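Notes for the structure review
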Amino acid sequence: MAVADVVHLIGTNPVYRSRVACHNIAEPEPAAYGTLDRPLPDALAAYLAHAGIRLYTHQCEAVNLLREEKNVIITTPTASGKTLAFNLPVFERMAADPDARALYLYPTKALANDQLVTLLAMEKFTGISVKPAIYDGDTPQSKRSAIREHARIVISNPYELHQVLSWHGKWSPFFANLEYVVLDEAHKYRGIFGSQIALLVRRLRRVARYYGADPQFVLSSATLANPEEFAAKLTGLPFVQVGSDGSPRGKRHFVLYNPFYDGVGERSAHQESKDLFVSCVKGDLQALCFAGSRKIAELVSLWAKEDLRRSSARLAESVLAYRAGYLPEERRLIESRLKNREIRGVVSTNALELGIDIGSLDAVVIDGYPGTMMSVRQQAGRAGRKAGESLAVLVAQANPLDQYFMHHPDEFFARPHEHAIIDTGNPYIVSGHILCAAAELPLHEEKDREFFGGELSPVLADLAESRLLSRTPRGFVYAGRGRAAEAVTLDGMAAESFRILCEGRVLETMDRAQVYREAHKGAIMLHQGVTYVVNEMDLATHTVRVSETDVDYYTQPLKDTDLSILETLRTCDINGVTCAFGDVEVTERYTAYKIKKGDTVLGVEPLDLPPITFRTKAFWLVVPETIAAPVFSAGLDLAGGLHGAEHALIALMPLFVLCDRWDIGGLSSPAFGENGEPVIFVYDGYEGGIGLAEKAYTLLPELFTRTHGMVRDCTCKKGCPSCIYSPKCGNDNVPLDKEATVMILAGLAAASAGNAAVPETAGSLPGAGPVAQ
Amino acid sequence: MQAESRIGTLWQQRMAALREYSVVRDGNVFGAGLAGSCLYSSEYDRARSLLAKLLSEYDGASFESLFPGNPIETENGTCLSLENREAFSVPRLDTGRLDAEMLADLTLVKGIGERSAARLRARGCRTIADLANHPRFRHEAREVLDRLSCPDPCGIMDLAGSRHAKSHPFVLGAAGAFAKEDFVFLDIETLGLFSRPIILFGVGTVEGENFVVRQYLLRDIDEEAAALTALSDHFTGERKALVTFNGKAFDLPYVQDRLAYYGIPPVARVPHFDVLHFARRRWKGEYPSCRLGELESAVFGVRRDDDVPGQMVPEFYETYLKTKNCGPLVPIVGHNRQDVVSTARLFFYLLGETCGRC
């Protein structure tokens with residue numbers, strides 16, 4: 001069978017057919033081959049000839065631009081040959097200049113391993129000695145100095161670079177000859193994390209400059225709405241985009257599949273995803289199923305194996321699960337078996353969404369909207385061979401957001417790419433990197449303004465005042481007690497690692513939140529289809545002991561999220577609404593877990609776990625009776641209105657405070673605290689706060705007005721992803737009431753809910769445009 | 001932006017949470033085993049009360065009165081040098097004995113392991129010289145003989161270090177070829193574990209019958225570049241050798257790192273004898289640890305009163321910077337000087353054992 005047969009099956013089988021909300025077909029596109037301004041050196045030309053590669057237009061464009069010493073961001077789709085497009089000019093430079101060095105940064109270690117294999121193969125064939133090596137936390141001490149001295153292409157990650165920069169003395173030959181910096185999967189560096197990386201890149205450029213180098217940058221990224229702006233923000237340098245894809249595409253089917261087409265849904269979306277995945281595997285397709293969590297990935301894989309076993313044991317063996325938490329060797333084995341077509345199907349978390357080389361597959365099943373269109377496109381892009389057909393299916397969950405897409409397929413397919421937002425002026429972030437920079441080389445107020453912007457002078461004064469920096473004739477010298485690079489964490493997460501042990505053997509590792517969710521006492525854990533039960537969870541030693549078991553049920557924890565105000569730092573009155581800013585504590589409690597078989601709940605068991613607390617900064621607003629009463633009297637749902645307003649405020653906040661919506665959290669309650677008032681909280685998703693709520697608090701009137709306009713003017717009836725649906729809602733977008741939302745926002749903005757004749761404000765804000773969050 | 005006024009405080013709090021040592025209950029052997037990163041709570045409490053005592057005792061005392069030193073001018077500014085002399089006798093070494101031992105060690109010849117050496121000895125080859133015409137090993141043997149006959153200590157260190165462990169007595173023995181004035185003993189005190197300023201450099205040299213310790217003490221962080229330059233000057237000149245205690249892992253890379261930070265050329269590469277390595281080989285298992293303080297008391301019976309634990313030097317120095325009260329510097333300077341002296345004494349003690357005193 002081929003893709004066409006499976007597509008036919010989905011279109012004709014009565015069960016499948018009824019659930020198809022839309023079947024979109026993209027016609028095949030032939031390859032567009034390009035030409036280089038001047039030929040490649042013989043060794044590289046021979047390499048391409050040997051591999052049977054002819055360069056596409058976008059690859060040629062990238063090579064030409066890089067040879068002109070332009071900084072380039074390549075945004076063509078998955079599997080279009082982006083890596084080759086920058087490896088060629090890097091190798092060319094290495095061949096021409098025997099001292100030249102390059103730094104490749106990857107967001108994950110798995111990607112680094114993948115790239116190493118590619119570079120070694122290229123080096124072997126071409127004879128151009130680039131001595132590629134990975135330098136990260138796993139690199140043994142004994143190999144480090146040789147890598148620093150000899151490797152010409154160093155592959156690393158931002159976390160390692162953050163630590164390495166203060167050791168530049170040892171790396172001086174590397175930095176002095178650094179000609180290229182490659183940031184692969186650069187779209188990962190957006191929002192607050194992106195802002196941290198942007199400052200890290202400035203520190204890298206500053207150290208390179210000190211040794212007389214001015215490296216050229218190459219970024220490879222998923223498609224974005226603002227690639228050039230994003231790249232310029234991330235690096236502080238001008239960029240040219242290469243975006244028009246010249247690689248050939250076979251015919252591509254994209255099916256929107258709705259298990260809840262009848263408003264009821266017999267079975268969960270996961271079960272339905274499994275069915276489609278099994279059909280693909282049985283139809284002789286190589287297929288990938290993307291699941292929303294580690295556990296669902298394991299479950300879907302387990303269910304698929306059971307189904308397949310009924311027809312063939314061999315077929316059942318050819319399906320595996322893949323996710324973070326597996327040991328690296330295990331993951332590498334799955335990747336290579338997938339690439340060599342030894343296995344037929346993999347059920348994965350978004351870990352396989354990034355550019356790990358697994359070749360191109362026939363079919364992809366996406367179990368639920370993954371939160372951004374960027375992810376949808378990356379995941380769907382895993383299916384699609386150069387010739388022949390491919391299939392991608394998005395299976396909708398029951399939540400309103402997924403359902404909205406099922407009912408508005410045109411909007412789904414026409415949805416704009418996301419904006420990647422970066423803020424290099426956030427004082428919390430800048431100040432941390434200024435400390436690190438001062439520990440790397442003495443800081444000069446004038447000379448280093450280029451890297452750290454207008455924030456530099458006031459921050460320097462403040463840090464010197466606190467004795468973290470010392471003013472000397474040679475510049476500001478770091479003199480704090482702790483190591484600066486240790487105090488500044490790039491992703492704001494404390495790395496706490498729990499080991500999952502089975503008979504003394506490490507099965508996998510997890511962080512604290514995951515252990516609470518998936519490895520509490522009594523939890524059924526899945527690892528590569530084998531079922532384990534958690535016998536013991538030792539929080540003090542960070543150890544979880546499990547043993548193999550043979551049950552056909554699984555567990556699902558129940559979580560309560562709570563918020564308490566620790567200290568109110570500021571309050572104000574906006575249009576009669578009391579708004580406040582201060583310290584809050586968010587508490588998550590896992591109180592019980594459900595025992596489920598398939599979609600049926602067999603029982604509920606209590607859990608006794610200490611709560612996970614997290615302190616941050618928030619702004620909140622108390623909705624007065626004058627706004628709440630009319631909502632009640634109109635027969636609308638106040639809770640749904642508050643929840644909708646919370647989502648809408650969070651959706652627009654990134655335009656005001658330059659972050660990603662995933663950096664912000666929210667909570668609303670129709671009866672909060674002792675007084676039982678309706679309250680909406682919006683908080684920073686980072687321990688201690690990172691200035692987002694703080695800045696938004698000063699812009700509340702504008703935020704209210706814009707948010708009100710956005711929801712009111714949205715043409716949907718009951719809410720949609722462009723107004724009040726949130727892709728990251730912990731309550732599956734329930735309850736939501738658009739009418740109540742508009743009334744509440746109108747009250748906040750002191751505007752009349754029915755008045756549509758408000759002047760257009762879009763465009764007056766930096767970065768304003770289509771809100772694609 | 002309203003955030004700024006609080007940012008210094010915020011980072012100070014984060015730094016304070018990043019202790020580079022932890023305080024463990026007395027007798028917690030497991031905790032203390034994590035080399036140097038732990039302090040027993042009694043040590044910690046004693047140091048805290050010492051700090052309080054110093055602050056009241058030296059309140060108002062001027063820097064000059066406590067630390068009378070000479071300003072040193074360097075191309076990178078001025079720093080203060082404190083000088084201290086004490087009588088010191090260096091054992092006279094019998095280098096002939098070591099030479100004979102080396103000559104008898106057939107395994108110094110490339111290609112000869114323990115078993116071959118035993119076989120060769122059984123056939124009457126007693127020294128490397130006996131191998132000079134050996135059909136298989138003559139080239140390698142002659143190479144070794146050349147090295148041994150030449151008084152270049154580096155050649156001997158390389159030879160011994162490449163055939164044996166780097167802590168082998170032959171490696172230490174190569175030091176016997178230096179004049180006692182060639183050695184530069186170094187110990188530094190810093191604001192933390194790497195990437196922070198060095199606040200005190202202790203440099204010891206033998207001058208005639210005296211041991212002289214020069215200490216470059218930073219009155220403020222802005223003197224670090226000058227002090228580094230003053231230190232570098234000790235390594236210029238004909239024949240020099242560096243002697244440290246754990247300096248291969250700590251002091252020397254730290255100094256090089258700080259020089260790179262200021263863009264000052266690195267100190268010249270000279271033979272480096274790290275006493276810790278030789279001491280470990282000599283005393284491992286005999287004493288609870290091979291820390292300098294442990295050895296100086298076990299071997300020489302040195303007792304330190306009112307000492308500051310190494311891990312707490314940063315907070316003592318910070319207290320000085322913050323209060324301008326020089327009291328907290330007193331034990332730092334004393335601690336550092338004692339470290340330099342003990343390093344030198346241990347070095348000559350071990351060297352004497354190795355070469356045999358006359």
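Computed from a predicted structure; not experimentally measured.

Points about the interface of chain B and chain A
Each partner contributes residues to the interface: chain B has 31 residues there, and chain A has 36 residues. Breaking the side of chain B that touches chain A down by element, the ones donating at least two residues are helix H1 (4–17), helix H11 (251–262) and helix H14 (313–323) of chain B. Looking at which element gives the most residues to the side of chain B that touches chain A, the answer is H1 of chain B, with 9 residues. For the side of chain B that touches chain A, the per-class residue count stands at 16 nonpolar, 8 polar and 7 charged.

Considering the confidence of the model for chain A
Averaged over every residue, the pLDDT of chain A is 89; the share at 70 or more is 96%. Across residues 752–773 of chain A, where pLDDT falls below 50, the model places 32 contacts with residues more than four positions away in sequence or in other chains.

A closer look at the domain arrangement of chain B
All names here are of chain B. Domain annotation of chain B identifies domain 1 (60–87 + 177–355) and domain 2 (95–176). On a C-alpha basis, the centroid separation for the pair domain 1 and domain 2 is 35 Å. Listed by partner, the interface residues are 13 residues for domain 1 and 16 residues for domain 2. Those elements that place two or more of their residues in the side of domain 1 that touches domain 2 are helix H12 (275–283) and helix H15 (329–355). A per-class count over the side of domain 1 that touches domain 2 returns 9 nonpolar, 2 polar and 2 charged.

Details of the packing of helix H25 (residues 638–657) of chain A against helix H27 (residues 700–713) of chain A
Residue and element names in this part refer to chain A. Viewed as axis vectors pointing N to C, H25 and H27 meet at an angle of 125 degrees, and their least axial separation amounts to 9 Å. Put simply, H25 runs oblique to H27. Judged by the twist between their axes, the crossing of H25 over H27 is right-handed. On H27, the residues touching Ala648, Leu649, Leu652, Met653 and Phe656 of H25 are Leu703, Arg706, Thr707, Met710 and Val711. Its residues placed into classes, the contact of H25 with H27 shows 8 nonpolar, 1 polar and 1 charged.

Regarding the sheet that holds strand S4 (residues 77–87) of chain B
All names here are of chain B. Judged by pairing direction, the sheet is mixed, and its 7 strands sit side by side in the order S3-S4-S7-S6-S5-S8-S9 without closing on themselves. Pairing within the sheet leaves two strands with one partner each, and these edge strands are strand S3 (70–74) and strand S9 (272–274). The mean angle between the axes of side-by-side strands here comes to 30 degrees, regardless of whether they run parallel or antiparallel. Where strand S6 (residues 198–207) lies against strand S7 (residues 210–217), 8 bridges are found, and the strand directions are antiparallel. Bridging across to S7, Val206 finds its partner in Phe211. On the sheet, helix H10 (residues 224–233) packs against S3, S4, S6 and S7 and is oriented at approximately 50 degrees with respect to S4. Lying over the sheet, H15 contacts S4, strand S5 (183–190), S6, S7, strand S8 (241–244) and S9, oriented at roughly 40 degrees with respect to S6.

Cut-off values and rules
In every chain, residue numbers begin from 1 and rise along the written sequence. Here chains are named by letter from A upward and ligands by number from 1 upward, in the order in which they appear as written. Only residues with pLDDT of 70 or above have their local features reported here, since the model is predicted, and side-chain atom pairs are shown and tallied only from 80 upward, although totals for entire chains, interfaces and linings are computed over all residues. Each residue is represented by a C-beta atom placed from its backbone, and any two residues with such atoms within 7 Å are regarded as in contact. Secondary structure elements follow DSSP: runs of H or I no shorter than four residues count as helices, runs of E no shorter than two count as strands, and numbering proceeds from the N terminus. Each residue is assigned to one of three groups, with Ala, Val, Leu, Ile, Met, Phe, Trp, Tyr, Cys and Pro labelled nonpolar, Asp, Glu, Lys and Arg labelled charged, and all others, Gly among them, labelled polar. A residue's pLDDT is simply how confident the predictor is in it, with values from 0 to 100. Source of the domain bounds: an automatic or database domain assignment. In this analysis, axes come from line fits to C-alpha atoms, helices being fitted only over the stretch in contact, and the angle between any two N-to-C directions falls in the range 0 to 180 degrees. If an angle is under 35 degrees, it is roughly parallel; if it is over 145, roughly antiparallel; if it lies from 65 to 115, roughly perpendicular; otherwise it is oblique. In this scheme the crossing of two helices becomes right-handed for a clockwise turn of the near helix relative to the far one and left-handed for an anticlockwise turn of less than a right angle. Two strands qualify as a pair provided DSSP detects at least 2 bridges between them.

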